[in-house]
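Chain and residue survey
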Amino acid sequence: MTGRNQRQYDECFKLQVLSDYYSSGLSKSFIIQKWGISLPTFLKW
């Protein structure tokens, strides 16, 4: 057991996060905190 939790995000959620990022002009670090995701996860999208 690794101790890491892998979460599955649906396409709708991913699109909401990416839309927020591109339309708001906010930084990646702010967006990942706002939406509660990790930077590696965000960068994969």
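Residues numbered from 1 in each chain as written. Predicted model: local features only at pLDDT ≥ 70, side-chain atom pairs only at ≥ 80, totals over all residues. Heavy atoms only, no water.

Secondary structure assignment for the protein chain yields three helices and zero strands. Going from N to C terminus, the protein chain has its helices and strands arranged as α-α-α. Among the 45 residues that make up the protein chain, the fraction classed as buried is 22%. Summed over its atoms, the accessible surface of the protein chain is roughly 3,900 Å², and 52% of this surface lies on carbon and sulfur atoms. (Helix = DSSP H or I, 4+ residues; strand = E, 2+ residues; numbered from the N terminus. Buried < 20%, exposed > 50% of the residue type's maximum accessible area, 1.4 Å probe, protein only. Areas by Shrake-Rupley, 256 points an atom, 1.4 Å probe, with all protein chains shown as cover.)

Looking now at the nonpolar core. Of all hydrophobic cores here, the largest spans nine residues; its members are Tyr 9, Phe 13, Val 17, Leu 18, Tyr 21, Ile 31, Ile 32, Ile 37 and Phe 42. When contributions to this core are tallied by element, the ones reaching two or more residues are α1 (11–24) and α2 (28–35). If one sorts the elements of this core by residue count, α1 sits on top with four residues. When sequence neighbours within four positions are dropped, the list of residues in contact with Ile 32 reads Ile 37, Ser 38, Leu 39 and Phe 42. (Core = buried A, V, L, I, M, F, W, Y, C linked by side-chain atoms within 4.5 Å. Contact = heavy atoms within 4.5 Å.)

Right, let's get into the environment of Phe 13. Checked against the element boundaries, Phe 13 lands in helix α1. Placed 22 residues apart in sequence, Phe 13 and Trp 35 show a C-alpha to C-alpha distance of 9.5 Å. For Phe 13, the residues in contact, after removing those within four places along its chain, are Trp 35, Ile 37 and Trp 45.

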